[in-house]
Amino acid sequence: AEDLVGSLANSCLSSSSLQSFRRFGNTLTEHFHQLQPWHKTLKIIGAEFGTSVLSYFIFLKWLLNFNIFSFLINFGFITIPQFLAAEPNNLSFTGLELLTGAGYFQQTVLYYGSYTNATISKVENSASYNMQLAYIFTVGTYFVICFLILLFSMARLFSRNFVNPQARSVNASKLLCTWDFNITNEKAVKLQQKNLLTQIKEGLTELNKEVQNFSVMERVVRFATHLIAWVASLAAAVAACAGVYFLSINNLKVRPEFAFFHTVVVLPSLPPGMDQLLVQLLFLLLFRNIILKISIVGILCYYWLNIVATSESQCWETLVGQDIYRLVLVDFIFCLLGSFFGEFLRRIIGTTVCVSLGLPEFDIGRNVLDLIYAQTLTWIGILFSPLLPGIQMIAFLIVFFVKKVSLMRNCQPPCKVWRTAQMMTSFIFLLFCPSFLGVLSVIGVTVWRLKPSEECGPFRGLPSMYAAVAEWIQMLESYTAWKWVVWIYHNLISSELFFFIISTFVLVVTYLYWQIIQARRTMTKLLHNQIINAGKDKKFLLQKLQKVQRSKRSSSALGGRGQQVSLTAQLLLFNCLVQVHGVLQLCKQPAGLGKGCASNFI
Amino acid sequence: RLKNPLLFEQEQLFLPVWQICRFCWLFLLVCRLHGRYHEMAPNVVPMDYTKDPDVKLPMQLIINMPELKENPFKERIVESFSEDGEGSLSFNDFVDMFSVLSEMAPRELKAIYAFKIYDFNTDNFICKADLEKTLNKLTREELTAEEITLVCEKVIEEADMDGDGKLGFADFENMISKAPDFLRYYFKKNRVSCILAGMF
């Protein structure tokens, strides 16, 4: 070991600073990965169930980080100052508040309504803390940071996973690139081999079939089934939304979750004989699920912003906050119940009563959509209930452990090979596009358009929440040291001309980049064809050379050296010509010109 | 001869703090690896390397390690890292193997070794025979002969770019670049290889 250590020491002793700094960064990231919580758990899950199931848990951990960050900044910047200026809570605590969120909790720091609008200062004439500005800036900064993180993650994943959308050699990559070397469990390895075998056999049967000639009858049946399924799910979505709306209007405390429970039952029941289209249908199922959840959240937001906010209730923000708290809680309970029924009971049924069913698989799509839905609710609720991310954080932690235990005990590794990278990209895209952007628009409407309630909250009495910022800017105008802030506000943030110019600029840049991408794509195709043609030329030349060598051997006695020299010279010259021709091809349309030219010259 | 990615080769003289930390961490890793190497054959592997002993463990011992035992390509993995091509690994080869299989190795290095693993007859090309052997290992020899031939022909047709009937390293790399899951499956970048995690 001394020799090895010595050589290690020698190499470690010598380094140039830039490279060593980079390696220091690499080392830090490696150490950071190993020190992260649940590192060993995730490794075990990946080894036993494969990378696709692992990606669900990594996504859950990633979402947990958002909530931890939000909870910390909300608690630090909003709640702790509120503790200094708190009023006494004269409601009594019964256990029911944990479920309903109302009652005792109504006047705690959990909800918007209990935050003061005063400027807090502990000591006379010391620096004061403006609660209004703190509230709006904390929430605003958090959303800006989330936006940037989501944008960069999505861009990075897109660039990595959708580089060559048209070039997908299905068989080659299936053979050489899909074997998951991380799996070390014997049963999992056997299962992976069986799955690969099934897929290859399916691929072969597709190859053997010339054209999928369905008869007219079969095509009609397929079309009809698709149509019925779509109509049914859309009708269920509309019915669920209408139900939610009318129930909320009538103020019955039946939770909206019940409304779409029956649709979840309706959706998975597919007509038989659709196994060929199963993978596409899986995406369709997820898509319908997404539509349903988006429409329900949309209806709820419409109800909250249009009806609750303009009603005469005392503190509408707190009411909305309570609604969201209850939704988050019920979603959490249903997630646990889903795990219980979908995995535990299904395993019991699959092993004792109806053995042909076998063990259940971990339903990645449905679980990820549940996570996205929960996170959407949390994001909407941050403005109305600043400590909601803390509650969601605890919920996610419990969900992680429950799902992990349920996975290990009840499930088997997945049958279908999920295209993990593309699935993860789509999930983060779903998180960004309908979910986060929808939340931003809801928050935008709340901050800019809605009138805060008169008697509670940090923005009481103002015409809108944003008016706090406008007032602050007005106050700043009297200080010369902060004139630049006022200038930025008037000319950049609240000026429409500036946004118009920026939008035009961004559109122009986007268009230019799009054209560059088109050009690069054409270039790639040309280069690809050039490689193919160069290969054909090489083969042709090799054949020619072999022929020449054979004739050289047979006519060596005849002393035909002069003839061969000229032939070899011809070949060399021709080779140069082919290279030049190949370069010229880059400017012309690709075609098999090389081979044709080769045969023409000789 | 593999340049061990754990070591790096630059020329300077000062020793900053982070170098010391990295050196300590690497040292611990190598000691841990040596512990695993030693426990496979305690009578053969020495603890003292000052006399530069020439000790090699045969392939049979190494492919029984729990991390490799279930892998259908275990013999090929061990063979591609052994100097004599027979599968017996000295300790240096052993460290090389685990450093390439861990997340510390760069993508190009992993691609090189993936190519070597699939190249059964070590002629620096993945020819049809290599693909047939790979297919047999991946599917536990449950395909018929003409199915195997069909799949291998399809693979070569799709991935062979220069038309020589077999896959060179350039073809292989091109195919990998279109499969974004490849690195994730081939000893995913963010996860410590199983042996080394035992230490933490």
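Quantities reported herein were computed from a predicted structural model and do not represent experimental measurements.

Rules and cut-offs
Residues numbered from 1 in each chain as written. Chains lettered and ligands numbered in written order. Predicted model: local features only at pLDDT ≥ 70, side-chain atom pairs only at ≥ 80, totals over all residues. Heavy atoms only, no water. Core = buried A, V, L, I, M, F, W, Y, C linked by side-chain atoms within 4.5 Å. Buried < 20%, exposed > 50% of the residue type's maximum accessible area, 1.4 Å probe, protein only. Contact = heavy atoms within 4.5 Å. Phe/Tyr/Trp six-rings, centres within 6.5 Å; stacked < 30°, edge-to-face > 60°. Lys NZ or Arg CZ within 6 Å of the ring centre and 35° of its normal. UniProt positions renumbered as here; feature names shortened; annotations may be inferred. Helix = DSSP H or I, 4+ residues; strand = E, 2+ residues; numbered from the N terminus. Patch = residues over 30% accessible without salt bridge, like charges linked within 9 Å, V, L, I, M, F, W, Y side chains within 5 Å. Areas by Shrake-Rupley, 256 points an atom, 1.4 Å probe, with all protein chains shown as cover. Salt bridge = Lys/Arg side-chain N within 4 Å of Asp/Glu carboxyl O. Polar contact = N/O pair within 3.5 Å; in protein donor to acceptor, adjacent residues only side chain to side chain. Disulfide = S-S within 2.5 Å. 1 Å grid on protein atoms, 1.4 Å probe; cavity = no way out; pocket = protein on both sides within 12 Å on 5 of 7 lines; lining within 4 Å. Points joined across faces, edges and corners; volume = space filled by probe spheres on them. Nonpolar A, V, L, I, M, F, W, Y, C, P; charged D, E, K, R; others polar. pLDDT = per-residue confidence, 0-100. Axes fitted to C-alpha atoms, helices over the stretch in contact; angles between N-to-C directions. Parallel < 35°, antiparallel > 145°, perpendicular 65-115°, else oblique. Left-handed = near helix turned anticlockwise from the far one by under 90°.

> Break down the nonpolar core for me, with residues and values.
One finds A:Tyr56, A:Phe57, A:Phe59, A:Trp304 and A:Trp379 to be the most contacted residues of the largest nonpolar core, which totals 105 residues. Excluding residues within four positions of it along the chain, A:Phe59 makes contact with A:Val368, A:Leu371, A:Ile372, A:Met424, A:Phe427, A:Ile428 and A:Leu431.

> Give me the packing of aromatic side chains: which residues, what numbers.
To describe a pair of aromatic rings, one takes the distance between the centres and the angle between the planes. Applying the stated rule across the entire model yields 41 aromatic pairs over all chains. Across the ring face of B:Phe120, the terminal group of B:Arg76 is positioned such that the distance to the ring centre comes to 5.8 Å.

> Can you lay out the UniProt feature "transmembrane region" (unreviewed entry) in chain A for me, pointing to particular residues and giving the numbers?
When the UniProt feature table is mapped onto this chain numbering, "transmembrane region" (unreviewed entry) sits at residues 62-84, 133-152, 227-247, 277-303, 324-342, 377-402, 423-448 and 497-514 of chain A. Structurally, residues 227-247 of chain A comprises 100% helix and 0% strand, and the distance from its first C-alpha atom to its last is 30 Å.

> So what's going on with a nonpolar patch on the surface? Residues and values would help.
Residues and elements named next belong to chain A. A cluster of nonpolar side chains, contributed by Leu99, Ile333, Leu337, Phe340, Phe341, Phe344 and Ile348, occupies part of the molecular surface with about 590 Å² of accessible area. Looking at which element gives the most residues to the nonpolar patch, the answer is helix α12 (residues 316-353), with six residues. Locating phenylalanine 344 in the fold gives a position in helix α12.

> Lay out the side chain of A:Thr376 in plain terms, naming residues and giving numbers.
Residues and elements named next belong to chain A. With respect to the helices and strands, threonine 376 occurs in helix α13 (residues 364-381). The buried category is assigned to threonine 376, whose relative accessible area is 9%. Polar contacts involving the side chain of threonine 376 include one to the main-chain carbonyl oxygen of isoleucine 372, which spans 2.6 Å. Setting aside its immediate chain neighbours within four residues, threonine 376 contacts Ser435 and Val439.

> Break down the state of the cysteines for me, citing the residues and quoting the values.
Enumeration over the complete set of coordinates arrives at one disulfide over all chains. Here A:Cys315 engages in a disulfide with A:Cys456; their sulfurs sit 1.7 Å apart. Since a negative S-S torsion denotes a left-handed disulfide, the A:Cys315-A:Cys456 link at about 105 degrees is right-handed. With a gap of 141 residues between them, A:Cys315 in the loop between α11 (278-308) and α12 and A:Cys456 in the loop between α15 (420-448) and α16 (467-476) connect regions that are remote in the sequence. Like A:Cys456, A:Cys315 is buried. Summary of cysteine pairing: A:Cys146 is not part of a disulfide, and the nearest cysteine sulfur, belonging to A:Cys433, is at 16 Å. No disulfide involves B:Cys127; its sulfur sits 9.9 Å from the nearest other cysteine sulfur, which is in B:Cys152.

> With reference to specific residues and values, describe the layout of surface pockets.
All names here are of chain A. Estimated volume of the second largest pocket: approximately 930 Å³. If you go around the second largest pocket, you meet 25 residues; those closest to its centre are Gly140, Val144, Trp448, Tyr466 and Ile493. For the lining of the second largest pocket, the secondary-structure elements that each account for two or more residues are α6 (131-161), α15, α16 and α17 (483-493). Per-element tally for the lining of the second largest pocket: the top contributor is α6, with nine residues. Looking at the lining of the second largest pocket residue by residue, the classes come out as 21 nonpolar, four polar and no charged.

> Break down helix α4 (residues 91-101) of chain B for me, with residues and values.
Residues three or four positions apart in an α-helix share a direction because the helix packs 3.6 residues into each turn. Judged by how many residues are buried, α4(B) sits mostly within the fold: ten of eleven residues are covered. Every buried residue belonging to α4(B) is among B:Phe91, B:Asp93, B:Phe94, B:Val95, B:Asp96, B:Met97, B:Phe98, B:Ser99, B:Val100 and B:Leu101, and all of these are buried.

> Report on the environment of A:Ser554, specifying residues and quantitative values.
Here A:Ser554 is to be found in helix α18 (residues 496-554). Polar contacts involving the side chain of A:Ser554 include one to the main-chain carbonyl oxygen of A:Ser551, which spans 3.0 Å.

> Any details on unusual backbone geometry? Residues and values, ideally.
Residue and element names in this part refer to chain B. With a phi close to 45 degrees, threonine 122 is a non-glycine residue in the positive phi region. Mapped onto the secondary structure, threonine 122 falls in the loop between α5 (107-118) and α6 (128-139). Judged by relative accessible area, threonine 122 falls into the exposed class, the value being 58%.

> Residues and numbers for the confidence of the model for chain A, please.
As a general rule, the predicted coordinates of low-pLDDT regions are not to be interpreted in detail. All names here are of chain A. Of the residues in chain A, 72% have a pLDDT of 70 or more, and the chain-wide mean is 76. When mean pLDDT is compared element by element in chain A, helix α14 (residues 388-410) scores highest at 92, while helix α20 (residues 593-601) scores lowest at 38. In the model, residues 589-602 has pLDDT below 50 throughout and makes 20 contacts with residues more than four positions away in sequence or in other chains.

> Quick one: what's the story with the pattern of salt bridges, residue by residue and with numbers?
Residue and element names in this part refer to chain B. Per the stated rule, a full pass over the model turns up seven salt bridges over all chains. The partner of arginine 76 in a salt bridge is glutamate 79, and the shortest N-O contact between them spans 2.8 Å. Here arginine 76 pairs with glutamate 79, and both are found in helix α3 (residues 74-81), just three residues apart, close to one helical turn. Since its relative accessible area comes to 24%, glutamate 79 is described here as partly exposed.

> I'd like a rundown of the confidence of the model for chain B, residues and numbers included.
All names here are of chain B. Taken residue by residue, chain B gives an average pLDDT of 75. The fraction at 70 or more is 78%. Taken element by element, the predicted model of chain B shows its lowest mean pLDDT in helix α10 (residues 194-197) (34) and its highest in α3 (86). Confidence over residues 5-13 falls short of pLDDT 50; this stretch has 27 contacts with residues more than four positions distant or in other chains. Ignoring residues within four places in sequence, the model shows residues 188-200, a span with pLDDT below 50, making 43 contacts including any to other chains. Reported confidence for the predicted complex is 0.71 by ipTM and 0.70 by pTM.

> Got a sec to walk through the packing of helix α1 (residues 17-40) of chain B against α4(B)? Specific residues and values, please.
Residues and elements named next belong to chain B. For the pair α1 and α4, interaxial distance at closest approach is 10 Å and the crossing angle is 120 degrees. Between α1 and α4, the interaxial angle falls into the category oblique. Handedness of the crossing formed by α1 with α4: right-handed. Residues Val30, Leu33, His34, Tyr37 and Met40 of α1 form the contact with α4, whose participating residues are Phe91, Phe94, Val95 and Phe98. Partitioning the contact of α1 with α4 into residue classes produces eight nonpolar, one polar and no charged.

> Go over the environment of A:Leu54 with me, naming the residues and quoting the values.
All names here are of chain A. You can see leucine 54 is positioned in helix α4 (residues 51-84). Since its relative accessible area comes to 1%, leucine 54 is described here as buried. The spacing of leucine 54 and leucine 42 is twelve residues in sequence and 6.7 Å in space, taken between C-alpha atoms.

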